[in-house]
There are 2 protein chains.
Amino acid sequence: MKLPERVRLVEVGPRDGLQNEKMPISVEDKVRLVNDLSETGLDYIEVGSFVSPRWVPQMAGSHEVFSKIQYRAGITYAALTPNLRGFEAALEADVKEVAVFAAASESFSQRNINCSIAESLKRFIPVMQAAEHHGIAVRGYVSCVLGCPYEGYIPPLQVARVARELWDMGCYEISLGDTIGTGTPGAARCLIECVAQHVPRPRLAAHFHDTYGQALANLYAVLLEGVCVIDSSVAGLGGCPYASGASGNVSTEDVLYMLNGLGIPTGVDLPRLINAGQRICQVLGRENGSRVARAFTKS
Amino acid sequence: MKLPERVRLVEVGPRDGLQNEKMPISVEDKVRLVNDLSETGLDYIEVGSFVSPRWVPQMAGSHEVFSKIQYRAGITYAALTPNLRGFEAALEADVKEVAVFAAASESFSQRNINCSIAESLKRFIPVMQAAEHHGIAVRGYVSCVLGCPYEGYIPPLQVARVARELWDMGCYEISLGDTIGTGTPGAARCLIECVAQHVPRPRLAAHFHDTYGQALANLYAVLLEGVCVIDSSVAGLGGCPYASGASGNVSTEDVLYMLNGLGIPTGVDLPRLINAGQRICQVLGRENGSRVARAFTKS
C-alpha cells in the first residue's frame, strides 16, 4: 500500500458541476471559469457536453464555449458526448477529447437514459469508431459504482464488467463515479481491487461525490490502492439531483489540500484554484462548497 | 494495518460543540440534548465544563445541567475541569469523570490559557490527586496536535511529550486534538506512530476538526494505525457549515456513517443520532453541520 508518486486531477466543474447548478450561467462566465482554471496548472478540464439542451439546459452553448476559451498548450479540454450526434457536434466545435457515460446499475440506466446498460454501451460503438477515425481520445465514465439510488448495493463485479466493456471498446481511462456519494473507504478499496483485475490500475480514475461527507476518506482509501487520477469540481460545483441541498462533487480545493499534505505532486496551484472557485461562486450567488476555500477566505 | 474491531465514540457536542456556538442555549435545551444522546447507544457524553463563565459563557449552568439530566446506566457523563477549582465544582455536581486540557503548542498555550505548557501541566497535579482520592477517572486532551494557528507545524515528538506527561500523571486516555483542522492523513498517521511509542495505542483518541474537510480522511488514516476511540460532535456542533471562518468538530453522524460502512461496530444508532442532531439544530436555528444528516433529512 504505497501512495502514488503523482496524481492527475481531472477538473469536471465546468461540465459535471455546472450542469447540476440551478442558476443559469452565461457563455461568458463559463468561458471565464475555464480560462481561470487554465491558469491553475490543471492539465485536464471537462468544458461542456453535447447533449440535448432539452435534457440538460445548463450545457446549451457548449459549442460557443469551446469557440471562445483561450486554449493553453498542454491542457486537454474535453466534452461529454453521449451518442454519435453529440460526438459530431463536438467535432464541429473542434473538441480534441470526449467522454462517454454508462451506469453500473440497470435501474439507474433505465431511469436516467431510458435504456439498458447493454443498449447504452452499444450506442457508444459508433462514437468509438468515429473517434478512432478522427484520432480523438475517449474517456469512459461508469456511474453508481458504490451504490444506486434505486437498487442500493451494486456488486463490484458488475462495475468491473461495465468498466471492462468500455476499456475493451477503446476508452483509454475509466472514471468510476460514486454518483450518490454513499460509498465508504472499505467499499471503495474493494471496488478498486476488483475493477483493477479487468482494467489496468493506472487507467482507473476516482470520481467521488461528497453527499455523505465521505469523498476525501474514500479518495485516501483508493490512493492507497494505487489510483492516481482523481475527478473533482472546483468549489464543489454541482450536486446530485437525488440529494438536493446536500453537496455533490468533491471539491478540487479540498482534494488538492489533502494531496499537498500527503506530499503528492499535482502541478496545481491552490491559491489560484481558490480564486477561480470564489469567482464562479460569486457569479452563481452561492456559498463556496469547498471547506478549504471557506477556511482560507474567511474574513 | 488492520482496522479496529470496535470503535468507541466520545460525544463532545454538548461541551466542545456548544461552547463554540454563538447562539445562547438554555439549561433545558442542553438537558434535552444530553437525554436525546443518551438514547442513541453512545456510552460517553461530555456534558459540560466547570470553567469561569466569564471566559466561556456557553458553559454557565453546567452544574444545573448535571443535576437535571436523566442518568442511564452504562453511560459516562463527563465534564471538562481546567483546574482544582473546576474539579471541586464538578465534584459538587456529582460528576463521575472529568477531563483536563493541555496544548502541544507553546504559543497556543500562552495565548489561550495564558501560561506555558509546563505550567498548565503543573496545574493538573492537584486535580489528578483529588481525582484519585475521589476515585474519579481523568481523560487528557492535547490540542494543536496537527498544527497551531500561531506556530504552524508542530513536531509529533512535541505532542508525544505532552501526551506522555498527561499519561504519566494518571490520565487513562489521551485525546489528540487537531484543533484547527489543518491535518492531512499522512501527518495524522505519523503522529499516531510517534505518540504510540509513549502512550499505549488503545489509549489514544482522535479528536479531529473538519475545518478543511479533512477530518474523515484523517480518521480513516488513524483507524488504519489502530486508533479505536474517536471524539466527535453531533450535527457538527461547534462550527457553522456555511459561515465563513467556521471551524468545526467532525460530526458524529458522518463518522458513524463511515464506521458503519467499514463494518466497525460502535453500538450507536444512526437514525436516533440524526434526530438528536436535528432537534438541537432547530433550537440553535442553524443548518445541520452533518452531511449525512442533511442527505438523510432532505425534503
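See the structure shown above.
The structure reproduced in this document is the subject of the present report. (Residues numbered from 1 in each chain as written. Chains lettered and ligands numbered in written order. Predicted model: local features only at pLDDT ≥ 70, side-chain atom pairs only at ≥ 80, totals over all residues. Heavy atoms only, no water.)

Re the interface of chain B and chain A
Test applied: Residue contacts are defined here by distance: any two heavy atoms, one from each residue, within 4.5 Å place the two residues in contact. Once two parts are put together, the accessible area they lose, assessed with a 1.4 Å probe and summed over both, is termed the buried area. Any carboxyl oxygen of Asp or Glu within 4 Å of a side-chain nitrogen of Lys or Arg constitutes a salt bridge here. Pairs of N or O atoms are called polar contacts if they sit within 3.5 Å, as long as, within protein, a hydrogen donor faces a hydrogen acceptor (for residues adjacent in sequence, only side-chain-to-side-chain pairs). To qualify as a helix, a DSSP run of H or I must reach at least 4 residues; to qualify as a strand, a run of E must reach at least 2; elements of each kind are numbered from the N terminus. Asp, Glu, Lys and Arg are counted as charged, while Ala, Val, Leu, Ile, Met, Phe, Trp, Tyr, Cys and Pro are counted as nonpolar; the rest, among them Gly, fall into the polar class.
Taken together, the contact pairs 33 residues of chain B with 35 residues of chain A. Across the chain B to chain A interface the summed buried area is about 3000 Å²; carbon plus sulfur atoms make up 57%. Summed over the three residues of chain B that lose the most area to chain A, namely Tyr212(B), Tyr220(B) and Arg291(B), the buried surface amounts to 24% of that side. For Asp210(B), the salt bridge goes to Arg291(A), with nearest N and O atoms at 2.5 Å. At the junction of chain B with chain A, the criterion picks out eight residue pairs in polar contact (both at pLDDT 80 or more). The set of elements that each furnish at least two residues to the side of chain B that touches chain A consists of helix 8 (185–195), helix 9 (215–223), helix 10 (252–262) and helix 12 (291–296) of chain B. Across the side of chain B that touches chain A, the residue classes break down as 16 nonpolar, eleven polar and six charged.

Focus on the pairing of strand 8 (residues 229–232) of chain A
Residue and element names in this part refer to chain A. Rule in force here: Remark: exposure states derive from per-residue accessible area (1.4 Å probe, protein chains only) relative to the maximum for the residue type, with buried under 20%, exposed over 50%, and partly exposed in between. Note on pairing: DSSP must find at least two bridges between two strands before they are called paired.
Neither face of strand 8 is open: one carries Val229 and Asp231, the other Ile230 and Ser232, and all of them are buried. In this structure, strand 1 (residues 8–11) lies alongside strand 8, joined through four bridges in parallel fashion. Opposite leucine 9, over in strand 8, you have isoleucine 230 as the bridge partner. One ladder, built from three bridges, connects strand 7 (residues 204–208) with strand 8; its direction is parallel. Residue pairing in the sheet places alanine 205 in a bridge with valine 229 of strand 8.

Details of the relation of the copies chain B and chain A
Rule in force here: We place the copies in one frame by least squares, fitting the C-alpha atoms of every residue whose pLDDT is at least 70 in both.
Each copy of the sequence occupies a distinct position, and chain B is placed on chain A by a rotation of 180 degrees and an axial shift of 0.0 Å, giving an RMSD of 0.0 Å. Such a combination of rotation and displacement between the chain copies is what one expects of a two-fold axis. Within chain B, Ala217(B) has its C-alpha nearest the rotation axis, a separation of 1.8 Å. Mapped onto chain A, 94% of the interface residues of chain B are again interface residues, and the two copies thus contact each other with one and the same surface.

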